[in-house]
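Chain by chain, the residues:
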Amino acid sequence: MAEKKYVVAIDQGTTSSRCMVFDKKGLPVCSDQMEHAQIFPKPGWVEHDAMEIWSRTKDVIRGAMEKGRISPDEVAAVGITNQRETTVVWEKATGKPIYNAIVWQCMRTQDFCAEWQKSPGWEQDETGQGKVKDHTGLLISPYFSGTKIKWILDNVPGSRERAARGELLFGNIDTWLIWQLTGGPEGGVHVTDVSNASRTLLMNIKTLKWDEEMAKFLDVPLAMLPQIKPSSHVYGKTVANGPFRGEITVSGDLGDQQAALFGQVCFNKGDTKNTYGTGCFMLMNIGETPVSSKNGLLTTAGYSLQEGKCVYALEGSIANTGAAVQWLRDNLKILDESPDSEYLAKKVDDSGGVYFVPAFSGLYAPYWDMSARGSIVGLTRFVRKEHLIRATLESICYQTRDVVDAMNKDSGVPLAELKVDGGAVRNNLLMQMQSDILGAKVVRPVVNETTALGAAYAAGLAVGFWKDTNELRSNWAEDRRFDSLVSEEKRETAYKGWKKAIEKSKGWLD
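Everything numeric in this text was worked out from a predicted model, so none of it was measured.

J.: Is there a simple way to explain the overall build of the protein chain in this structure?
T.: Across its full length, the protein chain holds 16 helices and 21 strands. Relative to the compact-globule value of 24 Å for 510 residues, the protein chain shows a C-alpha radius of gyration of 22 Å, a close match. Projected onto its principal axes, the C-alpha positions of the protein chain cover 65 × 55 × 45 Å. In the protein chain, buried positions account for 62% of the 510 residues. Excluding contacts between residues fewer than 6 apart, the proportion of contacts in the protein chain whose partners are at least 24 apart in sequence is 72%. Of the roughly 19700 Å² that the protein chain leaves accessible, carbon and sulfur atoms contribute 48%.

J.: Help me out: how do you make sense of the pairing of strand β8 (residues 168-172) in this one?
T.: As a general feature of sheets, a regular strand has side chains that alternate between the two faces. Judged by how many residues are buried, β8 sits mostly within the fold: 5 of 5 residues are covered. Of the two faces of β8, the one holding Leu 168, Phe 170 and Asn 172 and the one holding Leu 169 and Gly 171 are both buried throughout. Pairing between strand β6 (residues 87-91) and β8: 5 bridges, direction antiparallel. Within the sheet, the bridge partner assigned to Glu 91 lies in β8 and is Leu 168.

J.: What is the right way to read the environment of Gly 507 from this model?
T.: Mapped onto the fold, Gly 507 is located in the segment after α16 (488-505). Note: C-alpha distance between Gly 507 and Ala 372 (135 residues apart in sequence) is 4.9 Å. Residues within four places of Gly 507 in sequence aside, it is in contact with Asp 369, Ser 371 and Ala 372.

J.: Quick question: what am I supposed to make of the state of the cysteines here?
T.: Here a disulfide denotes one covalent bond, and it connects the sulfur atoms of two cysteines. In total, this model carries 0 disulfides according to the counting rule given. Here Cys 30 is not cross-linked by a disulfide; its sulfur's nearest cysteine counterpart is in Cys 19, at 7.4 Å. With no disulfide of its own, Cys 266 has Cys 280 as its nearest cysteine by sulfur position, at a separation of 15 Å. For Cys 266, a relative accessible area of 0% gives the class buried.

J.: Whenever I open this one, the pattern of salt bridges confuses me. Can you help?
T.: Opposite charge on two side chains makes pairing possible when the charged atoms of those side chains draw close. This structure, assessed with the given rule, holds 34 salt bridges. A salt bridge links Lys 229 to Glu 307; its shortest N-O distance comes to 3.9 Å. On the criterion of sequence distance, the pair formed by Lys 229 in strand β10 (residues 227-229) and Glu 307 in the loop between β15 (298-303) and β16 (311-318) is long-range, its members being 78 residues apart. A salt bridge links Lys 499 to Asp 402, with the shortest nitrogen-to-oxygen separation between them at 3.9 Å. Taken together, the residues Lys 499 in helix α16 and Asp 402 in helix α12 (residues 385-411) connect sequence positions 97 residues apart. A relative accessible area of 35% means that Lys 499 is categorised as partly exposed. Members of the salt-bridge network, linked through shared partners, are Arg 84, Glu 85, Arg 199, Asp 256 and Glu 315.

J.: Hey, could you run me through helix α4 (residues 145-155) in this one?
T.: Every α-helix carries 3.6 residues per turn, so stepping three or four residues along brings you back to the same face. Among the 11 residues of α4, 9 are classified as buried, and the element is accordingly described as predominantly covered. Within the sequence span of α4, burial applies to Ser 145, Gly 146, Thr 147, Lys 148, Ile 149, Lys 150, Trp 151, Ile 152 and Leu 153. Among the structural elements, β6, β7 (101-102), α2 (110-117), α5 (159-164), β8 and α8 (212-218) are those in contact with the buried residues of α4.

J.: Would you take a moment to explain α16 for this structure?
T.: End to end, α16 covers 26 Å across 18 residues, agreeing with the expected 26 Å (1.5 Å per residue, within 8%). Listed in full, the buried residues belonging to α16 are Arg 491, Tyr 495, Gly 497, Trp 498, Ala 501, Ile 502 and Ser 505. Along the axis of α16, the buried positions cluster into a sector of 155 degrees, meaning they face one direction only. Set apart from the buried face of α16 by more than 90 degrees, the exposed residues are Glu 489, Thr 493, Lys 496, Lys 500 and Lys 504. Contacts made by the buried residues of α16 are with β17 (355-357), β18 (375-377), α12 and α13 (428-438). Of the residues trailing α16, Gly 507 is marked for its positive phi of about 65 degrees.

J.: Looking at this model, I keep getting lost on the sheet that holds strand β19 (residues 417-421). Mind explaining?
T.: Spatial ordering of the open sheet is given by β15-β16-β14-β13-β19-β20-β21, a layout of 7 strands whose pairing is mixed. Edge positions in the open sheet fall to β15 and β21 (478-482), since each of these has one partner strand only. Ignoring which end each strand starts from, the neighbouring axes of this sheet average 30 degrees apart. The pairing of strand β14 (residues 280-287) with β16 spans 7 bridges and is classified as antiparallel. Looking at β16, one finds that Met 282 is bridged to Gly 316.

J.: Explain the nonpolar core to me, please; I cannot follow it from the model alone.
T.: Across soluble globular proteins, you tend to see nonpolar side chains buried next to one another. With 125 residues, the main nonpolar core has Leu 202, Met 224, Phe 262 and Tyr 276 as its most contacted residues. Sequence-distant contacts of Tyr 276, defined by excluding residues within four places in its chain, comprise Ile 396, Thr 400, Leu 418, Val 420, Asp 421, Gly 422, Gly 423, Ala 424, Val 425, Leu 430, Met 431 and Gln 434. Core analysis: the next-biggest nonpolar cluster, separate from the first, contains 32 residues, Val 8, Cys 30, Trp 90 and Trp 176 among them.

J.: How do you make sense of the environment of Gly 460 when you look at a structure like this?
T.: As for its position among the elements, Gly 460 is in helix α14 (residues 450-462). Note on Gly 460: relative accessible area 0%, which makes it buried. Sequence separation between Gly 460 and Val 78 is 382 residues, and the spatial gap between their C-alpha atoms is 7.9 Å. Residues contacting Gly 460, with those up to four places away along its chain left out, are Val 7, Phe 465 and Trp 466.

J.: Would you take a moment to explain the pairing of strand β3 (residues 28-35) for this structure?
T.: The pairing of strand β2 (residues 16-22) with β3 spans 7 bridges and is classified as antiparallel. For Val 21, the partnering residue across the bridge sits in β3 and is Cys 30. The hairpin formed by β2 and β3 contains 5 residues between the paired strands, and Gly 26 there has a positive phi angle of roughly 75 degrees.

Reading the values: the criteria
Residues numbered from 1 in each chain as written. Predicted model: local features only at pLDDT ≥ 70, side-chain atom pairs only at ≥ 80, totals over all residues. Heavy atoms only, no water. Helix = DSSP H or I, 4+ residues; strand = E, 2+ residues; numbered from the N terminus. Rg over C-alpha atoms; globule rule 2.2 N^0.38 Å. Buried < 20%, exposed > 50% of the residue type's maximum accessible area, 1.4 Å probe, protein only. Contact = heavy atoms within 4.5 Å. Areas by Shrake-Rupley, 256 points an atom, 1.4 Å probe, with all protein chains shown as cover. Pairing = 2+ DSSP bridges. Disulfide = S-S within 2.5 Å. Salt bridge = Lys/Arg side-chain N within 4 Å of Asp/Glu carboxyl O. Expected span 1.5 Å × (residues − 1). Arc of directions from axis to C-beta. Axes fitted to C-alpha atoms, helices over the stretch in contact; angles between N-to-C directions. Core = buried A, V, L, I, M, F, W, Y, C linked by side-chain atoms within 4.5 Å.

Below, the structure written as structure tokens:
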């Protein structure tokens, strides 16, 4: 038997699938990555082909294992991390999805949510409470899986009846991949973890079980829902004839943002991280008791290491940050590659008075305005593409500032330091802007792909590859620290302009 040297993480994101292999020190050994198609059937609608995602996942597993010349016998465990809320419904007998995966960004259930908000008692009241928030920690929004499942069952003929009979299965992408890896129609494990389940509008945030009242209201049969398990737990084994070409324990499962929290070793109450990807997601560890936000944040399951127990987090979700840079590249064609944004933004001293609010899918935290849409304000003949590019980077930082201010109010403790991760943190200009706009230290770790690392950590803990969370803490190392270089007066004047721009974007679809 070969020595167990590695843990593998599958990081299935909004735009790509990646497989990363980590060693005992939590350092990446090798990886492979492939993009998948973004499907936009109508304005505001976003879909993925779940079979393409499974195909790409198999490809990147094989690619990473071959690049590193790694034998399956050398791998201690496999962890999964995933784009959350993205919804797949498939046939148990065949593994065939009955509809494309509906992506977390999709706004197709906006009208239903608007009507739901008018129902007495469901939406939050002036105290920030309400049945939805009390039961799930979330708000009524097209963002979450529950209304996406309802849409599929309402629009695919016969599907609700088939779901009630146990013929159809639901899963976010974590569930879909674990089911496939462990056998698919030939006995695949139908499971999710608390972090993913807490993003469905169907899990009770206090009991960590499926909430029958929420499921009944959304008309989602309980028979189609996966088992809820801890984030670090032995779920099953990969099949011998699968992409790993061997039987390996699958024992880690975390939604991508909770995985980044775990990978950043934010194990103490008050520890906070921000992940810069397609969107931005800030999470603060709030301990083992759920706390309800009064300032537009979500209460979510952070991670679970033991059945029936959970560490919770406050979350500020921002839909479009890296996606705004992609929009400049793909739609406006003013960038050849996303990393070029740093070089071009440096060509100007500021954004020339321009503010860009990338509310392509409405505004998420802390505003939660589904009717908002993107806007660019402050344009003059002076403005060049470099100003717009810089304003786009600034929009990422301003949206993060909005969430930080909300967290400061909820926690009562001003943020002094923010751990950052995700692909965009390699942009030094962006990180300096972030520190300037926050007026706080921004700390980048050596391993900035902490989403995949968190999934690996969860998997490795479950099988004893790592002893405990203290061993994980010892792996974390700082790469660079950014300190604010602007005056408070300049920072607050610029932020005042941002808040004015936000007001211009609100209520556009009134």
